[in-house]
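Each chain, letter by letter, is given below.
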Amino acid sequence: MIAFEDVSFAYLAERRVLDALSLSLEPGLTLLLGPNGCGKSTILKLAAGVEKPDRGRVLVKGLDLWKDEVEARRGLAYLPEQADITPYATIGEVLGLVCRLRREPRKKGLEALSLFDLADEMNSSIRELSLGQKKRALFATALIGKPSHLLLDEPLDALDRGIQDTVLRWIGERARNGATVVVVSHEIEPFAEMASRAATVRDGKAVFSMLPKDRDGRLSRLEDLARGWA
Amino acid sequence: MYVLKYEFFLRLAEILFLETEPLAAFLILFLLSLLIARIAAPRVLAGIRGWIRHLHASSRLHQNLAALSIVLAQTPILAIIIFFGWAVLKPISSGDRARLAGVVLAAGAASWTVVRLSRPLRSRRRGGPRIRRSFRGFAFQAALYLRPLKLGLIACYIPALVSLGAAALLIANNNLKPDSESRAGVFGAVLAQGLFMAELSRRLMLRRPPWAWARSLPRSAGQRILSDAGLAAILAVPLLALCARFGRGVPLWSACCLPWLSFRAAGSLRTTAVGSWSVRARTGLEALLTALALALEPRASLFLLGASPLAYLGAAAKDREQKVSLWNELHQLPEGDALSGSGS
């Protein structure tokens, strides 16, 4: 479980993105929806420990992300919207780093790469990869060590159909097996069936909404949330 | 007190303008300008990559204006050369005027050559080096530190060597007491380390932007700082060896303040400030003040050694507080490529 306690955050002092936000992200798939710039990706960055809250705290499995930095992040996997990997490394080196930090053998990294058709690119420099390949490499890192908290920002962007299917299957399986999966996406339909709950962000606060059981009702509710109508 | 006497520059001007053939002098000035233009070019050319190229102005026009900008960037240096040239040539004949005009002509030719040979105008450059060998563990951390610097690492030593050289000349050109000589040595050595750290920080800040995603991995801010500061300290060790010529105590006092300077430099990288000058200026100014303090009382370096854990904690706090997404917005996205690894 990921908990936000009274979290405020601003990139620039004069423009607050999140304001005294408290929420709890439970096991299962949570969809975060809303218009551009409302703060969905910022919530994910704060939950992943990429950004530190200006006020309040973020807890992962009860551990403060900025006090128990290593242990709190041990079971986290974050996929940013832009495939943010340093150009000064090879895929193999990045996978090696993740395996070492998650205390997994290196062969786990190789297996993950194979699943995303990147085994042949093991020694390729990141700069030589396309955007889709970089994104697949980041997905491969998310597989290492079976993290119990998955934070996925636009996970289907820049992926071809075949890989999209693999990713959707994997997300569904992880959510069913008790992982906390948070997805920010403008594509609603692929996640409509598997979502346990959904929320939108308005005026720096998250507004959760009950999802109807029938498919049409669900889609219509999710559409409203995506437009910021809570 | 002299570091380099006025006569030194006059002698250089005499060699260049009186004792060297006009064509050879032009060639020397051309090569000097080529070096300066090569340094100025990346900053000037950064503005004419990407979006601006779709506007309907010819690439030749872009190139000519860029060359002019680079000449203008050299104006202070050209003015100094012309001043010393005028000082040794006066009274000025028409032939002398041509020689002085040659200074500007050489700068123009060098700038135009650099612009013609610069890659950004010929093709869009993708960030990051080709990687021939993979590393693991700490070697990978070192590779992530060194790969963005490439040969720029050598340039990081230049301000440090200038400081050490100036200290050596100060000692050689003045009749100083042994105690003053030692203090001058400490000043030069500590300033050299500080300037090295400042230039290293500036280059790393530009070429190795914060890796936001990696902050989600199980690695603490303190570990990131230890890795950066440790590598910076290792790279500064050759400077310690060089300052041994100032006396036995100098390397010892300098070594004592190395952890402090390394942690401060690692912390200075963790900023969202616009412009790399602020990092270099801040770290350099801090180095200057530290060097001055240690020149007055070399034993104060023991105090800095003791205070190093505070510098470490401060740097780790800066790492945590850094708004890495904002850094990319300010530095990488204006370059047109968020993942270019080559900020402005």
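Sequence order sets the numbering: in each chain, residues are counted from 1 along the sequence as written. The naming scheme follows written order: chains are lettered A onward, ligands numbered 1 onward. A pLDDT threshold of at least 70 governs which residues receive local features in this predicted model, and a stricter bar of 80 or more applies before side-chain atom pairs are shown or counted, although totals over entire chains, interfaces and linings include all residues.

Right, let's talk about the overall build of chain B for a bit. Looking only at helices and strands, chain B features 14 helices and 0 strands. Going along the chain from the N terminus, every DSSP run of H or I of four or more residues is numbered as a helix, and every run of E of two or more is numbered as a strand. Counting helices and strands in the order they occur from the N terminus, chain B gives α-α-α-α-α-α-α-α-α-α-α-α-α-α. Put simply, chain B has 344 residues, and 39% of those count as buried. Within chain B, residue pairs in contact and separated by at least 24 positions form 82% of the contacts whose partners lie at least 6 positions apart. Exposure classification rests on a simple neighbour count of other C-beta atoms within 10 Å of a residue's own: a residue reaching 20 or more is buried, one at 12 or fewer is exposed, and one in between is partly exposed. C-beta atoms are placed from the backbone. C-beta atoms are placed from the backbone for every residue, and two residues are taken to be in contact when these atoms lie within 7 Å.

Moving on to the domain arrangement of chain B. Frequently, the measure chosen for interface size is the accessible area removed from exposure when the parts meet. Segmentation into domains, and thus their bounds, comes from an automatic or database assignment. Domain boundaries in chain B define domain 1 (6-49 + 58-122) and domain 2 (140-335). Here the C-alpha centre of domain 2 of chain B lies 32 Å away from the C-alpha centre of domain 1 of chain B.

To continue, consider the interface of chain B and chain A. Chain B puts 33 residues into the contact, and the matching count from chain A is 35 residues. If you list the elements that add at least two residues to the side of chain B that touches chain A, you get helix H7 (137-146), helix H13 (300-321) and helix H14 (324-332) of chain B. Classes in brief: Ala, Val, Leu, Ile, Met, Phe, Trp, Tyr, Cys and Pro nonpolar; Asp, Glu, Lys and Arg charged; the others, Gly included, polar. Taken together, the residues of the side of chain B that touches chain A break down into 16 nonpolar, 8 polar and 9 charged.

This part is about the domain arrangement of chain A. Residue and element names in this part refer to chain A. Each assigned domain of chain A is listed here: domain 1 (2-75 + 148-226) and domain 2 (87-145). Here the C-alpha centre of domain 2 lies 24 Å away from the C-alpha centre of domain 1. At the interface, 7 residues of domain 1 touch 8 residues of domain 2. Grouping the amino acids of the side of domain 1 that touches domain 2 by side-chain chemistry returns 5 nonpolar, no polar and 2 charged.

The next point concerns the environment of Cys256(B). All names here are of chain B. Along the chain, Cys256 turns up in helix H11 (residues 249-268). Look at Cys256 and you get buried, because 21 C-beta atoms sit within 10 Å. Sequence spacing of Cys256 and Ser308 is 52 residues, and the spatial spacing of their C-alpha atoms is 9.6 Å. The residues touching Cys256, leaving out its near neighbours within four places in the chain, are Ser301, Leu302, Leu304 and Leu305.

Let us now look at the nonpolar core. One finds Ala47(A), Ala140(A), Leu151(A), Val183(A), Ala192(B), Phe196(B) and Ala232(B) to be the most contacted residues of the largest nonpolar core, which totals 127 residues. Among the elements that line this core, the one with the most residues is helix H9 (residues 178-207) of chain B, at 14 residues. Sequence-distant contacts of Val183(A), that is, excluding residues within four places in its chain, are made with Leu29(A), Leu31(A), Leu32(A), Leu152(A), Pro155(A) and Phe191(A). In these notes, a nonpolar core means any group of buried Ala, Val, Leu, Ile, Met, Phe, Trp, Tyr and Cys residues linked to one another through C-beta atoms within 7 Å.

Attention now goes to the sheet that holds strand E5 (residues 63-64) of chain A. Residue and element names in this part refer to chain A. Here, a strand pair is defined by DSSP locating no fewer than two bridges between the strands. Read across the open sheet, the 4 strands follow the order E2-E1-E4-E5; overall the sheet is antiparallel. One side of each edge strand has no neighbouring strand; the edge strands of this open sheet are strand E2 (15-25) and E5. Interaxial angle, 0 to 180 degrees, is taken between N-to-C directions of lines fitted to C-alpha atoms, where a helix line uses only the stretch in contact. Contacting strand E1 (2-12), E2 and strand E4 (55-60), helix H1 (residues 40-48) runs over the sheet at an angle of about 115° to E1.

Next up on the list: the packing of H9(B) against H11(B). All names here are of chain B. Where H9 contacts H11, the two axes come as close as 9 Å, and the packing angle between them is 25°. On the basis of the axis angle, H9 is roughly parallel to H11. Crossing hand, H9 versus H11: right-handed. Between H9 and H11, the contacting residues are Ser182, Gly185, Val186, Ala189, Val190, Gln193, Gly194, Met197, Leu200 and Ser201 on the first element and Gly249, Val250, Trp253, Ser254, Cys257, Leu258, Leu261, Ser262, Ala265 and Ser268 on the second. Grouping the amino acids of the contact of H9 with H11 by side-chain chemistry returns 11 nonpolar, 9 polar and no charged. For classification purposes, an angle smaller than 35 degrees is called roughly parallel, one larger than 145 roughly antiparallel, one from 65 to 115 roughly perpendicular, and anything else oblique. Crossing chirality is assigned from the near helix's rotation relative to the far helix, an anticlockwise turn below a right angle marking it left-handed and a clockwise turn marking it right-handed.

Attention now goes to the packing of helix H10 (residues 221-242) of chain B against H13(B). Residues and elements named next belong to chain B. The interhelical angle for the contact between H10 and H13, taken along N-to-C directions, is 120°, at an axis separation of 8 Å. Looking at the two axes, H10 sits oblique to H13. Read as a crossing pair, H10 and H13 show a hand that is right-handed. Residues Ala221, Gly222, Arg224 and Ile225 of H10 pack against Tyr312, Ala315, Ala316, Asp319 and Arg320 of H13.

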